[in-house]
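Residues per chain are reported as follows:
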Amino acid sequence: MRKPNPMQDANFCSRLFFWWLNPLFKIGHKRKLEEDDMYSVLPEDRSQHLGEELQGYWDQEVLRAQKDAREPSLMKAVMKCYGKSYLVLGMLTFLEEGTRVVQPIFFGKMISYVENYHPTDSAALHEAYGYAAALSACVLMWAVLHHLYFYHIQRVGMRLRVAVCHMIYRKTLCLSTSAMGKTTTGQMVNLLSNDVNRFDQVTMFLHYLWVGPLQAIAVTALLWMEIGISCLAGMAVLIILLLLQSCTGKLFSSLRSKTAALTDDRIRTMSEAITGIRTIKMNAWEKSFIDLITRLRRKEISKILRSSYLRGMNLASFFVVSKIMIFVTFISNELRDNLITGSQVFVVVMLFETLRFSSTLYFPMAVEKMSEAVVSIQRIKNFLLLDEMSHCYPQLPSNGEMIVGVQDLTTFWQKASETPTLQGLSFTVRPGELLGVVGPVGAGKDLQLLKEGDLTKIGDGGTPLSEGQKARVSLARAVYQDADIYLLDDPFSAVDARVSRHLFEQCICQALKEKITVLVTHQLQYLKDASLILMLKDGKMVERRTCSNFLKSRVDTFSLSEKGTEQPEPSPGPGTPTLISESLDPSLQSPRPSLKDAALEDQHTENIQVTLPLENHLEGKVGFKTYKNYFTPHADWSVIIFLILVNIAAQVAYVLQDWWLAFWAHVQSGLYFGEFVKGDEDVVFVLNWYLGAYSGLTVSTILFGITRSLLIFYVLVNSSQTLHSKMLETILRAPVLFFNRNPIGRILNRFSKDIGHMDDLLPVIFQDFIQTFLLVIGVVGVMVAVVPWIAIPVIPLGIIFFVLQWYFLRTSRDVKRLECTTRSLVLSHLISSLRGLWTIRAYRARQRFQEVFNAYQDLHSEAWFLLLTTSRWLAVYLDVICAIFVTVVAFGALILAESLDLGQVGLVLSLTLTLTGMFQWCVRQSAEAENMMISVERGIEYTDLEKEAPWELENRPLPSWPNKGVISFKTVNFRYKSDGPLVLKYIEGSIDARQKFGIMGRTGAGKSSVIAALFRLSEPEGDIYIDDILTTSIGLHDLRKKMSVALQEPVLFTGTMRKNLDPFNEHTDNELWNALEEVQLKKSIEGLPAKMNTELAESGLNLSVGQKQLVCLARAILRKNQILIIDKATSYVDPRTDELIQKKIRERFAQCTVLTVTHRLSTIIDCDRIMVRPSPF
């Protein structure tokens, strides 16, 4: 049960200053925060409520667009849903920036008092005190309004993101088959992790697109009142900058669009690599996939680097533009010979500083984020407009006879397709009848064994169940539905003959005897019990008859009975292969336990620990080692030292500019009041000296500011690329066990969201922090140097800020880590749903899965909401303290006015006001930078994983090895993890050169474990020799490249048929066509529009499972190795095709050693030797 959110019952002051968070900070100060410490999400922020609300507006927009014959606009739906509340919040921004504009007015009145100071004028002093009080009140009001605005506006961004995520997931569950071919897992993960993040960012700054220009107009009016037309020169600089930044919006949009497409490709390829990791490892393709993903990443980084340079220029403008405007204004004023007072100099400076955040930081950020958000909205809209499956679930009659009737049915996989998938189908099935559907490949067609029973946790992709166990769970799930109509698509291919017969007799013939059942199968022996048999070929109905008529018709049914499937085990004799050859250990021939006993032992074959819902996360501060490991690999110490020197130089030039301006203001005041004569040579020399030095400092500030900004972005973006490369290599070097323990969503989360943070957010935040930190140091240094007594309030202020940050970070770090870990649950659920999409639809479980997704989103929102509010808690306290500091300095300056001159008071007060926003911004950005470094920390975690044995060793076999193919086992034990149970025990024996060796056994009996031991997917105990070379004495790639393997679970990649047969262009077209012919696929591929260049959907969605198996088998055949291993690779293939394939393999690989693992005795009946494994060794 979640803790209730204390904000719901908090009073006004508690909400305003976030006092309701104090108990959480106390907990975080004492110990590491856990999931149970988070507060429940507020009702108005729940995923279901937000998603359904926006979905309603989107549905209305789609209907209106159809009526008006136009394309629907997701932007319109968003504006109708959130526009009113967002505009209201815009008024807070307007008021907030209004308080900043009036601050220079009160500041100017105070400076004027000092400039015209008379010790006896008490009325002027009291008036100055009033201005000081007004200034302090404005600073405090600004602090309250600023954080009130940002808190509420960020909640709007969060709500929009959550609502769009809800819609994306809902759409995922509804996508049609043709639509699935137009998108990829990579794109959906990218939409859900990176694209939706743009809403969090754009909402914060969007109002500054109109508030910034309005504030600039107001400031221009005030400047005109102070110095006249000269102000236009400075404002011209700002206008030019704003126009340039507006133009860069198109560049940001273009780059974001290209980057997003490249990120889609990278994440899709990563997803395919993780999903097919067994295939990749057994084929030794890791290096090739590293090269492929690295190439994609390099293209992606090239676009990101361009965007980063633009961001760097924007941040550099924040640093230098106000100084350029001040410089240009005063130069033009000097050229006009317009005399101004010292107080006017400081008022002009403060008015330009007022524009610093709104116009030179927030406005360009708004342009950038809006440009990127427009691209993301377009991408999301295109996804939401993909075709959907029909939602029509007709209500079946509750009484009377139910009939399934199909009359002359023709179907297409895609609307645009010219070739029908099924053509001319007609049949009728009544309750109690079984319709058997048979045809060649591509024709169109238990709990007590588990340790925890029905409470056993199933991991990603069905871990730890075997393929046969998954098939049984799937069938059981169907039976438990107690439906009226059952559609069973080849449920027996993954299980052995005895289990298959048991399932057919007990499940289909008994449990479903009163139901309408349509069974698609290759197991022809069961057709005798079918009421009607439908035979398909090339998508057309060839025959529709009863079993007896079917047999009498003598139709070629690709061998109507599967030879040997139902036969008892043959006795050794002339003409039959030897079962469990005498050369194997005698203990292997001992009597076998019963099926139940064997199955009870079966559970250990894949007994892999399933992960807990939330991944573990580190605790404590992000250490120096993390920073060092991130920054130093790409940039050596010379670059880092140069960067430090450039930063120092930029800051020195910046603060000297302010200091120099104070001296120049003193001279200007003297000229104005007649103390100096402008025509005097000494005065002219001093003015020229001041202006020359001021010009040099301004140019230096610009050059150093831009250089350091671009250099920081270059170093950080390339550091992200370097870390990604290390993560990628480490991941692909990790053992298969790692992928069984970690859901794909958890892994992809680090390669999508965390890498996205490193690419986009970390460089900006880090550059901003360094810039503001140095500004604060410089400003404080100047203030103390000019007026030493200012150190009295500055030192305790610094201590308070340091303690607050330390106290805040102890909680904030844990909240950020929880936010990262809860986010991975959302992505894992998306990917799991994509894998089981047809099952979800078949069981009408969309709503149930949508609710689970909403629950995961709410959990993530709990962490994100705490991240938002805790940062506001810190910011409010910092700004309130800064307001107190301004009050102390303002009144202190008036009290000490007699001992201070105009330049000192003006400089200190102006810098104090500058410090107000800057100080808290610096502390917050330092905290945010450390929080962002948690993404780096999570990435570095993935560079320190357990690794497999080396891919290559110095001791390498000859290129011709193995030339015989002799495989020997000597006292081999095998387990999938070091502390797990043995799944193979004391294997002794050998397989001779060029021998055809069959391995047969029940589902989960450990047949595939023999193959796993051969390929060293986990390191075996004992010795395995291939041609007298110990397999553990050579590198994994030297071993795995010399054996060809085709697995039961086919793995295909997005791309052409040719790419799937030959992923790395190692073979000629003739070789590929020959391989296709040998697996009986040549005719089918020749019938495709683009033949081998036909694009396959993700994971080969547009092929049947049997066809995918045959493609993988052809891929294995192409490798031309001395040892070929076929691990149930034809289990989904019809018997006739299987028979032809086995014949071709025997002919083609007559001089090779072939190991065949299967459930079908007919598949291995012609093998030289057969090993039967009814239970584990």
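On a predicted model such as this, the values are computed, not experimentally measured, just so you know.

Here the focus is the overall build of the chain. Helices and strands together make up the secondary structure of the chain, namely 34 helices and 19 strands. For the chain, the proportion of its 1177 residues judged to be buried stands at 60%. For the chain, the exposed area adds up to about 47200 Å²; of that, 58% sits on carbon and sulfur atoms.

A separate point is the pattern of salt bridges. By the definition in use, this model includes 51 salt bridges. D760 serves as the salt-bridge partner of R198, at 3.1 Å between the closest nitrogen and oxygen. We note a salt bridge from K287 to E952, for which the minimum N-O separation is 3.1 Å. On the basis of relative accessible area, K287 is assigned to the partly exposed category, the value being 37%. Residues participating in the shared-partner salt-bridge network are R198, R311, E368, K369, E372 and D760.

The next point concerns the side chain of S308. The residue S308 is located in helix α12 (residues 286-335) in this model. In this structure S308 touches F713, V717 and D759, once residues within four positions along its chain are discounted.

This part takes up the side chain of T914. Tracing the sequence through the fold places T914 in helix α26 (residues 902-941). In this structure the side chain of T914 is engaged in a polar contact, spanning 2.9 Å, whose partner is the backbone oxygen of S910.

With that settled, consider the nonpolar core. With 260 residues, the main nonpolar core has L21, L54, Y82, F330, I380, Y630 and I731 as its most contacted residues. Among residues more than four places away in sequence, those in contact with F330 are I340, V345, V348, V349, L661, W664 and Y694. By size, the runner-up hydrophobic cluster in this structure holds 33 residues, among which are I991, F997, L1017 and L1039.

Turning to the environment of Y714, a few remarks are in order. Position of Y714 among the secondary structure elements: in helix α20 (residues 681-733). Under the relative-accessibility criterion, Y714 is labelled partly exposed at 35%. Sequence separation of Y714 and A635 is 79 residues, and the distance between their C-alpha atoms is 9.6 Å. Ignoring anything within four residues of it in the chain, the contact list for Y714 reads L305, Y309 and H634.

On to the packing of helix α22 (residues 744-786) against α26. Relative orientation of the contacting elements α22 and α26 amounts to 155°, with a least axis distance of 6 Å. The orientation of α22 relative to α26 falls into the category roughly antiparallel. Here α22 runs over α26; the crossing is left-handed. Counted by class, the contact of α22 with α26 contains 26 nonpolar, 9 polar and 6 charged residues.

With that settled, the discussion passes to the environment of V347. Looking at the element boundaries, V347 is found in helix α13 (residues 342-384). Residue V347 is classed as buried on the basis of its relative accessible area, which comes to 6%. In this structure, the C-alpha to C-alpha distance between V347 and E226, residues 121 residues apart in sequence, is 8.0 Å. If sequence neighbours within four positions are ignored, V347 has contacts with P104, F107, G108 and E226.

A few words on helix α4 (residues 74-115). Given 3.6 residues to a turn, an α-helix orients residues that are three or four positions apart in the same direction. For α4, spanning 42 residues, the distance from its first C-alpha to its last is 58 Å, which sits close to the expected 62 Å at 1.5 Å a residue. Maximum bend of α4: about 60°, positioned at Y82. The opening residue of α4 is S73, an N-cap whose side-chain oxygen sits 3.4 Å from the backbone nitrogen of M75.

Right, let's get into the packing of aromatic side chains. Across all of its chains, the model carries 36 aromatic pairs by this definition. Geometrically, the ring pair formed by F94 and W210 is stacked, given 6.3 Å between the ring centres and 15° between the ring planes. Taken together, the positions of F94 in helix α4 and W210 in helix α9 (residues 208-227) put the pair 116 residues apart, joining distant regions of the chain. Above the face of the F318 ring, R356 is positioned so that its terminal group lies 4.9 Å from the ring centre. A cation sits over an aromatic face here: R733 above W951, 3.8 Å from the ring centre.

Turning to the sheet that holds strand β10 (residues 984-991), a few remarks are in order. Ordered in space as β10-β9-β12-β13, the 4 strands form an open sheet in which the pairing is antiparallel. Of all the strands in the sheet, just β10 and β13 (1029-1030) have a single pairing partner and so form its edges. Here strand β9 (residues 967-974) pairs with β10 via 5 bridges, running antiparallel. Pairing of V972 across the sheet is with I987, part of β10. With respect to the sheet, helix α27 (residues 1007-1014) is in contact with β9, β10 and β12 (1021-1026), its orientation differing from that of β9 by roughly 105°.

Sheet analysis places β9 next to β12, joined by 5 bridges and oriented antiparallel. Across the sheet, N973 pairs through a bridge with E1021, a residue of β12. The pairing of β12 with β13 spans 2 bridges and is antiparallel. When the sheet's bridge partners are listed, I1026 is paired in β13 with I1029. Connecting the antiparallel pair β12 and β13 is a turn made up of 2 residues, with D1027 showing a positive phi of about 50°.

Attention shifts here to unusual backbone geometry. The residue after W961, namely P962, is reached through a cis peptide bond having omega -10°. Along the chain, P962 falls in the loop between α26 and β9. Phi is positive for A69, close to 55°, though the residue is something other than glycine. In this fold, A69 is placed in the loop between α3 (47-68) and α4.

Another aspect to go through is the packing of helix α10 (residues 231-275) against α22. It is at 10 Å that the axes of α10 and α22 come closest, and there the two elements cross at 155°. Considering their axes alone, α10 and α22 lie roughly antiparallel with respect to each other. Once α10 is placed against α22, the crossing between them reads as right-handed. Residue-level contacts link R266, I267, M270, S271, I274 and T275 of α10 to I744, I747, L748, F751, S752 and I755 of α22.

Attention now moves to a nonpolar patch on the surface. Together, W637, I641, I644, L645, I648, V652, L656, W659 and F663 line one region of the surface with nonpolar side chains, adding up to about 830 Å² of accessible area. Tracing the backbone shows F663 in helix α19 (residues 637-672). Taking relative accessible area as the criterion, F663 reaches 40% and is therefore assigned partly exposed.

Moving on, we get to the environment of H860. With respect to the helices, strands and loops of the structure, H860 is situated in helix α25 (residues 846-895). Sequence separation between H860 and C820 is 40 residues; the distance between their C-alpha atoms is 8.4 Å. In this view, H860 contacts R161, E819, T822, R823 and V826; residues no more than four positions away in its chain are not counted.

Before going further, it helps to examine the confidence of the model for the chain. Considering every residue of the chain, the mean pLDDT works out to 82; 89% of them sit at 70 or more. Within the chain, no element has a lower average pLDDT than helix α17 (residues 595-602), which sits at 29, and none a higher one than α3, at 94. Scored below 50 in pLDDT, residues 557-613 shows 124 contacts in the model against residues more than four places distant or in partner chains.

Criteria and thresholds
Residues numbered from 1 in each chain as written. Predicted model: local features only at pLDDT ≥ 70, side-chain atom pairs only at ≥ 80, totals over all residues. Heavy atoms only, no water. Helix = DSSP H or I, 4+ residues; strand = E, 2+ residues; numbered from the N terminus. Buried < 20%, exposed > 50% of the residue type's maximum accessible area, 1.4 Å probe, protein only. Areas by Shrake-Rupley, 256 points an atom, 1.4 Å probe, with all protein chains shown as cover. Salt bridge = Lys/Arg side-chain N within 4 Å of Asp/Glu carboxyl O. Contact = heavy atoms within 4.5 Å. Polar contact = N/O pair within 3.5 Å; in protein donor to acceptor, adjacent residues only side chain to side chain. Core = buried A, V, L, I, M, F, W, Y, C linked by side-chain atoms within 4.5 Å. Axes fitted to C-alpha atoms, helices over the stretch in contact; angles between N-to-C directions. Parallel < 35°, antiparallel > 145°, perpendicular 65-115°, else oblique. Left-handed = near helix turned anticlockwise from the far one by under 90°. Nonpolar A, V, L, I, M, F, W, Y, C, P; charged D, E, K, R; others polar. Expected span 1.5 Å × (residues − 1). Bend = angle between axes of the 7 residues up to and from the residue. Phe/Tyr/Trp six-rings, centres within 6.5 Å; stacked < 30°, edge-to-face > 60°. Lys NZ or Arg CZ within 6 Å of the ring centre and 35° of its normal. Pairing = 2+ DSSP bridges. Patch = residues over 30% accessible without salt bridge, like charges linked within 9 Å, V, L, I, M, F, W, Y side chains within 5 Å. pLDDT = per-residue confidence, 0-100.

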